[in-house]
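Structure assessment
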Amino acid sequence: MKKIALITGVLLLAASMVVVAQSVNDDFSSMRNWTAGSGDWTVRAGRLVQQSTTAPMARVDRMVRQNQPYEMEFTIRYVDGGFQNQEDFENGIYHAGFGIHVGVDTPALRGRSWGSGNSYLLWLNLDTREQTRRTNPEHYGFRAQVYRSRSNTNMTLLRDPALARDPELSQFVVSDYMSIDLIAALRAWGVNVSIDDLAMALDVDVPINIRVNPQTGEIGVLDPTAPIRFWFQVDPAVLRGNYVSLRTNKLAASFDYFTVD
């Protein structure tokens, strides 16, 4: 597996993405095209809402053909959750996450699952618990992660030996896990942020933009806080499923539009 490449600035890839996998433009006037799995999903005021703050594997699935390069966009807004009680909130002890599976072949439609068929999960994870820092430091902090799902019951955090050897990226990962410490990385690139600054995004729509090339295995995720796109390489054969799956972990959140071009 090629090492993750970090590209700064706005990268114009339109020329290589002329053929579209499938054009999608959901305004969430209804749940049409979306199949709720676990969690508490509904549509309210033109937004897709996951209402549960306790569901650890909330998931909703949509059919999207993905055999050609595409660009996917949506926004997410915090609703509630991410901490166990008021004391944890006041002490900055958080645990929550959200992400999207791409290339899903056989999701657990209308059911609960750990993975989502044969796919990759692009995940943003926030975990400031002391126990996590001691026992699973690859998950500690605010991290961009990539998981490999092999079935609805088998999913693991990806590893890439090249990460541990890379003189720049090794500063932001633990061992060779594909789990980037976003706060440390942004600071290294001159963006002075902290986990406390995440509170500024609680009442706004956070834009998510992802470019996927199922022919080459390249995936690029645009950082919503800076003109930086995180690129990484995966197995292209896994990216050609017919579904995507949005999911959250103990986090109530709402999504605005959802487009694929």
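In this text the structure is predicted, and so the values were computed from the model without any measurement.

**Thoughts on the overall build of the protein**
Secondary structure assignment for the protein yields 4 helices and 17 strands. Here the C-alpha atoms of the protein give a radius of gyration of 17 Å, agreeing with the 18 Å that 2.2 N^0.38 yields for 261 residues. Based on the C-alpha atoms only, the size of the protein along its principal axes is roughly 40 × 40 × 35 Å. The 261 residues of the protein split such that 50% are buried. The contacts of the protein with a sequence gap of at least 6 include a subset with a gap of at least 24, amounting to 68%. When the accessible surface of the protein is summed, it comes to about 12100 Å², and 51% of that surface belongs to carbon and sulfur atoms. One finds the centroid of the 25 positive side-chain charges in the protein at a distance of 6 Å from the centroid of its 28 negative side-chain charges.

**A word on the side chain of Thr-248**
With respect to the secondary-structure elements, Thr-248 resides in strand 16 (residues 243-249). The class for Thr-248 is buried, based on a relative accessible area of 0%. Polar contacts involving the side chain of Thr-248 include one to the main-chain carbonyl oxygen of Leu-251, which spans 3.1 Å. Residues in contact with Thr-248, not counting those within four places in the same chain, are Gln-50, Ala-55, Pro-56, Met-57, Ala-58, Gly-97, Phe-98, Trp-123 and Phe-255.

How each quantity is defined
Residues numbered from 1 in each chain as written. Predicted model: local features only at pLDDT ≥ 70, side-chain atom pairs only at ≥ 80, totals over all residues. Heavy atoms only, no water. Helix = DSSP H or I, 4+ residues; strand = E, 2+ residues; numbered from the N terminus. Rg over C-alpha atoms; globule rule 2.2 N^0.38 Å. Buried < 20%, exposed > 50% of the residue type's maximum accessible area, 1.4 Å probe, protein only. Contact = heavy atoms within 4.5 Å. Areas by Shrake-Rupley, 256 points an atom, 1.4 Å probe, with all protein chains shown as cover. Lys, Arg positive; Asp, Glu negative; His and termini not counted. Charge placed at Lys NZ, Arg CZ, Asp CG, Glu CD. Polar contact = N/O pair within 3.5 Å; in protein donor to acceptor, adjacent residues only side chain to side chain.

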